[in-house]
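Residues per chain, in single letters:
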Amino acid sequence: VGVLASLVIIASRRDLLPSMLLSGGLFGALYFGLFLVFNLLFPEFISNVYNLGHLWGVMVWGVPLEEITFAFWFGVAWSALYEYTRGYRTRSLSS
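Along each chain, residue indices are assigned from 1 in the same order as the chain's sequence is written. Confidence filtering applies because this is a predicted model: local features only for residues at pLDDT of at least 70, side-chain atom pairs given and counted only at 80 or more, and all residues used for totals across whole chains, interfaces and linings. The basis for the side-chain values is all heavy atoms of the structure; hydrogens and waters are excluded.

### Concerning the packing of helix α2 (residues 17-41) against helix α4 (residues 65-86)
Okay, step 1: Where α2 contacts α4, the two axes come as close as 7 Å, and the packing angle between them is 140 degrees. Here α2 is positioned oblique relative to α4, judged by the angle of their axes. The way α2 lies across α4 gives a crossing that is right-handed. In this structure, α2 uses S19, M20, L21, S23, G24, G25, F27, G28, Y31, F32 and F35 to contact α4, whose residues at the interface are E67, I68, A71, F72, F74, G75, V76, S79 and A80.
Okay, step 2: Residue composition of the contact of α2 with α4, by class: twelve nonpolar, seven polar and one charged. Note on definitions: angles span 0 to 180 degrees between N-to-C directions of axes, and those axes are lines fitted to C-alpha atoms, for helices only across the stretch in contact. Here a strand is any run of E in DSSP of at least two residues, a helix any run of H or I of at least four, and the numbering for each starts at the N terminus. Orientation labels follow simple angle bins: below 35 degrees gives roughly parallel, above 145 gives roughly antiparallel, 65 to 115 gives roughly perpendicular, and whatever is left gives oblique. For any helix crossing, the convention is left-handed if the near helix is rotated counterclockwise from the far helix by under a right angle, and right-handed if that rotation is clockwise. Residue contacts are counted whenever heavy atoms from the two residues lie within 4.5 Å of one another. Nonpolar residues are Ala, Val, Leu, Ile, Met, Phe, Trp, Tyr, Cys and Pro. Charged residues are Asp, Glu, Lys and Arg, and all others, Gly as well, are polar.

### Concerning the side chain of R13
Okay, step 1: Relative to the assigned elements, R13 resides in the loop between α1 (2-12) and α2.
Okay, step 2: A polar side-chain atom of R13 sits 2.9 Å from a polar atom in the side chain of D15.
Okay, step 3: Apart from residues no more than four positions distant in its own chain, R13 is found in contact with E83, Y84, G87, Y88 and R89. Each polar contact in these results corresponds to two N or O atoms within 3.5 Å; when the atoms are within protein, one needs to be able to donate a hydrogen and the other to accept it, and residues that are neighboring in sequence are counted only if both atoms are side-chain atoms.

### Details of α2
Okay, step 1: Expected span of a helix: the number of residues minus one, times 1.5 Å. Given a rise of 1.5 Å per residue, 25 residues ought to cover 36 Å, and the 36 Å separating the end C-alpha atoms of α2 matches this to within 8%.
Okay, step 2: With a 1.4 Å probe rolled over the protein chains alone, any residue whose accessible area is under 20% of its type maximum counts as buried; one over 50% counts as exposed, and the rest are partly exposed. Where α2 is concerned, the buried positions are M20, G24, G28, F32, F35 and N39.

Written out as structure tokens, the structure reads:
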């Protein structure tokens, strides 16, 4: 859903792309950091709860790549959703 929503927003509002990518990166990094802490507190959670056979099989310091990817795309889509749905545009202070 995040990828599809992001592509729809980018297709019609290219001016939002830089802030969307920045927000996706920041949210992805925050989510990844919090997941690392979560893994320290509950070290067996991933192996007990996740069906690792149905994932891509790529782990980044014990965090499934799917989680990081989801967080990135969620951050990308969510960051511009308000501006997109309301039709708000950024204008410079000098105008």
